[in-house]
Amino acid sequence: MSIEKYKKELQTELAEHQTRFARLHQDRADAIAKLYRLLTHAQRDLQVLSGNFEYPEFNSQLETIGEGQLGYENSLKSIVTFYLYFDENRIYFSEDICEKLDSLCKKSFDIETLYWLEHSGVTPLDKTKPKDKALYIVKTEIPEIRKKLEQEFREILGVY
């Protein structure tokens, strides 16, 4: 075989690897963007559930939603949707982010369980109000995770 033929084969293999890498890179960027969107929805719905929505002009309307069955159902749906997407795409995220997201999901499901128990007339062993726990997650944990996702996304884009 001639050197030119080897050169051509190497160029073909390089192009295939570059295409494959670019596709994985794009898939990861898409996964981060969608997870970020779902996390934002879950954060908003937990804010409503906690009675601490950041837009005062909507608070009076949302108080009835947040305290009722609809607020519980919306936040549960958001959390489940977020978790299912995360679990199916966890391969795209760093171990650090996966650990934080697993912890967040567990705490969110615990809040939903406490809320359900509280409104079912059952006295839970944990006396912390679900609204207080939701507010803590909304104010501390979710912003930290969102910031990490933003950093990873910016790294992919080459924007620091």
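See the structure shown above.
Residues numbered from 1 in each chain as written. Predicted model: local features only at pLDDT ≥ 70, side-chain atom pairs only at ≥ 80, totals over all residues. Heavy atoms only, no water.

Here the idea is simple: oppositely charged side chains can pair when their charged atoms come close. Throughout the structure, instances matching the rule amount to ten salt bridges. Among the salt bridges present, the one from Asp45 reaches Arg44, with a minimum N-O distance of 3.4 Å. Note on Arg44: relative accessible area 33%, which makes it partly exposed. The network of salt bridges with common partners includes Asp87, Arg90 and Asp102. (Salt bridge = Lys/Arg side-chain N within 4 Å of Asp/Glu carboxyl O. Buried < 20%, exposed > 50% of the residue type's maximum accessible area, 1.4 Å probe, protein only.)

Once that is clear, we can look at the packing of aromatic side chains. If you walk through the whole model with that rule in mind, you get four aromatic pairs. Judged by centre distance (6.5 Å) and plane angle (10°), the rings of Phe82 and Phe86 are stacked. Note that Phe82 and Phe86 are positioned in helix H3 (residues 69-89) at a spacing of four residues, about one turn of the helix. Note on accessibility: Phe82 and Phe86 belong to one class, buried. Among the aromatic residues, those joined into a cluster by ring pairs are Phe82, Tyr83, Phe86, Phe93 and Phe109. (Phe/Tyr/Trp six-rings, centres within 6.5 Å; stacked < 30°, edge-to-face > 60°. Helix = DSSP H or I, 4+ residues; strand = E, 2+ residues; numbered from the N terminus.)

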